[in-house]
There are 2 protein chains.
Amino acid sequence: MFSIQQISDRLLEKDIKPSFQRIKIYDFLLKNNIHPNIEMIYNNLTKDIPTLSKTTIYNTLKNFEEKGLIISVNIDEKEIRYDARLITHGHFKCVKCGEIYDFDYNHDKLKIKGLPDFEIKKTDLNIKGVCPKCK
Amino acid sequence: MFSIQQISDRLLEKDIKPSFQRIKIYDFLLKNNIHPNIEMIYNNLTKDIPTLSKTTIYNTLKNFEEKGLIISVNIDEKEIRYDARLITHGHFKCVKCGEIYDFDYNHDKLKIKGLPDFEIKKTDLNIKGVCPKCK
DNA sequence: AACATAATTGTAATGATTACAAATTTAAAT
DNA sequence: ATTTAAATTTGTAATCATTACAATTATGTT
Ligand SMILES: [Mn+2]
Ligand SMILES: [Mn+2]
Ligand SMILES: [Zn+2]
Ligand SMILES: [Zn+2]
């Protein structure tokens, strides 16, 4: 899927030194498109890295986002979820099972009115509802 | 602006008994389109209602949202903001001053792809950036 | 090796939200 | 009007994600 070399290179592209923990965390995000929260990342990686600290995950993800390597998804009021998929897309959260789904939308046709002279840094389209599995 | 009678009626329309606290909280949201958090509401209303409890505000806002009287705005990772404006609109949060601005967009032209059989309950368009005042 | 710098870790603090039970208010019944 | 029941409000304690901070460990350089 993704070699350690590939992952290291992508980290370096964003001026992030490819430490063992950073590689593992980014690798997890790339391989699991589940928009995990800190807990999910921790529980999965702690098998391989028993010494891993949650603080490291928090710091790493903040660093990743600042450098533009990943995005944070704030569709959940309770916790921040993370996503390594950088192509513009929206997020759907099922209020029953809590799962977060990706979806595409016609972002190029989106017309924002009334924000002249506003500098836009991030646009999020978040939808809540019930997924087919839960209906 | 809004008479107590008008506010009571709108609460009753949504099957919410117009208690003194509920009227005051809804009145505050109607008169102050600032997307306040709990703290802002508490600090403002506690002048008039010294006995007001934050728990009441939490319960009331949850009740309001469930009944469809207001919406919650989750653009802020830290806290929930509240809005009595029910017309479809987006929210812009300035990352410098923290202020949240309303904006309109062509919601009717928005095409969601890849969510067949998903039941949509709430659509949020959230933008982050820097407002003119902070540039 | 000795030193400086960066990264990681563990623990404590923060702060918004929720749980819960007691107190108060409101409405209904007698 | 008094009593009773139900709804609402309140205060306090608990929860839980996130952050602050200092100590430890790893990495790189002379
Ligand atoms: Mn995604
Ligand atoms: Mn608004
Ligand atoms: Zn579901
Ligand atoms: Zn601003």
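What you see is a predicted model; the values in this text were computed from it and never measured.

Some thoughts on the coordination of the zinc ion (ligand 3)
All names here are of chain A.
- Distances from the zinc ion (ligand 3) to its protein donors, namely C94 (SG), C97 (SG), C131 (SG) and C134 (SG), fall within the range 2.3 to 2.4 Å.
- Considering all four donor atoms around the zinc ion (ligand 3), the spread of angles at the metal, 105 to 117 degrees, places the coordination shape in the tetrahedral class.
- Considered as a linear motif, the donors of the zinc ion (ligand 3) on their single chain read C-x2-C-x33-C-x2-C.
- Residue C131 is classed as buried on the basis of its relative accessible area of 0%.
- For C134, a relative accessible area of 24% puts it in the partly exposed group.

Topic: the coordination of the manganese ion (ligand 2)
Residue and element names in this part refer to chain B.
- In this structure, H35 (NE2), D83 (OD), H89 (NE2), H91 (NE2) and D102 (OD) serve as the protein donors to the manganese ion (ligand 2), at separations of 1.9 to 2.2 Å.
- When the donor residues of the manganese ion (ligand 2) are listed from N- to C-terminus, their spacing reads H-x47-D-x5-H-x1-H-x10-D. Here H35 is found in the loop between α2 (20-31) and α3 (38-48), whereas its partner H89 is found in the loop between β2 (81-83) and β3 (90-94), with 54 residues between them in sequence. Residues H35 and H89 agree in their burial class; the two are buried.

Points about the packing of aromatic side chains
Residues and elements named next belong to chain A.
- Tallied over the entire structure, the rule returns ten aromatic pairs over all chains.
- Ring centres 6.2 Å apart and planes at 65 degrees place the aromatic pair F92 and Y101 in the edge-to-face group.
- Residue classification places F92 among the buried residues on the basis of a relative accessible area of 0%.
- The class for Y101 is buried, based on a relative accessible area of 17%.
- When the ring centre of Y42 is taken as origin, the NZ or CZ atom of K54, which lies over that ring, is 5.2 Å away.

With respect to the pairing of strand β6 (residues 119-130) of chain A
- Note: strand β3 (residues 90-94) of chain A against β6(A), four bridges, orientation parallel. Residue C94(A) lies in a different strand from β6(A), and its bridge partner there is G129(A).
- Bridge count between β6(A) and strand β6 (residues 119-130) of chain B: eleven bridges; the pairing is antiparallel. From the neighbouring strand, E119(A) faces β6(B), where its bridge partner is V130(B).

Considerations on the layout of surface pockets
- Considering only enclosed or pocket space, the largest pocket measures out at about 1,500 Å³ in volume.
- Taken together, 40 residues form the lining of the largest pocket, with D76(A), E77(A), N74(B), D76(B) and E77(B) sitting closest to its centre.
- Listing elements by their share of the lining of the largest pocket, those giving two or more residues are α4 (54-66) and β6 of chain A together with α3, α4 (54-67) and β6 of chain B.
- Taken together, the residues that form the lining of the largest pocket break down as ten nonpolar, seven polar and 23 charged.

Notes on the interface of chain A and chain B
- Counting residues at the interface gives 34 residues for chain A, matched by 34 residues for chain B.
- Where chain A touches chain B, the interface holds zero salt bridges.
- For the interface between chain A and chain B, the tally reads 16 residue pairs in polar contact (both at pLDDT 80 or more).
- Listed by contribution, the elements that provide at least two residues to the side of chain A that touches chain B are β4 (100-105), β5 (112-113) and β6 of chain A.
- It is β6(A) that provides the largest number of residues to the side of chain A that touches chain B, a total of twelve residues.
- Residue composition of the side of chain A that touches chain B, grouped by class: 16 nonpolar, five polar and 13 charged.
- Strand direction decides the pairing type here: β5(A) and strand β4 (residues 100-105) of chain B, joined by two bridges, are antiparallel.

Observations regarding the protein's contact with DNA strand D
- With respect to spatial proximity, 18 residues lie near DNA strand D, and among them I80(A), S19(B), Q21(B), T56(B) and K78(B) are the closest.
- The sugar-phosphate backbone supplies 74% of the atoms of DNA strand D found within 4 Å of the protein.
- The separation between a phosphate oxygen of DNA strand D and a polar side-chain atom of K78(B) is 3.1 Å.
- Put simply, the parts of the chain that give the surface near DNA strand D at least two residues each are α4 of chain A together with α2 and α4 of chain B.
- Residue composition of the surface near DNA strand D, grouped by class: four nonpolar, eight polar and six charged.

Basis of the calculations
Residues numbered from 1 in each chain as written. Chains lettered and ligands numbered in written order. Predicted model: local features only at pLDDT ≥ 70, side-chain atom pairs only at ≥ 80, totals over all residues. Heavy atoms only, no water. Donors = N, O, S within 2.8 Å, 3.2 Å for Na, K, Ca; no water. Tetrahedral: all angles 85-135°; square planar, octahedral: opposite > 155°, others 65-115°. Buried < 20%, exposed > 50% of the residue type's maximum accessible area, 1.4 Å probe, protein only. Helix = DSSP H or I, 4+ residues; strand = E, 2+ residues; numbered from the N terminus. Phe/Tyr/Trp six-rings, centres within 6.5 Å; stacked < 30°, edge-to-face > 60°. Lys NZ or Arg CZ within 6 Å of the ring centre and 35° of its normal. Pairing = 2+ DSSP bridges. 1 Å grid on protein atoms, 1.4 Å probe; cavity = no way out; pocket = protein on both sides within 12 Å on 5 of 7 lines; lining within 4 Å. Points joined across faces, edges and corners; volume = space filled by probe spheres on them. Nonpolar A, V, L, I, M, F, W, Y, C, P; charged D, E, K, R; others polar. Contact = heavy atoms within 4.5 Å. Salt bridge = Lys/Arg side-chain N within 4 Å of Asp/Glu carboxyl O. Polar contact = N/O pair within 3.5 Å; in protein donor to acceptor, adjacent residues only side chain to side chain. Near = heavy atom within 4 Å.

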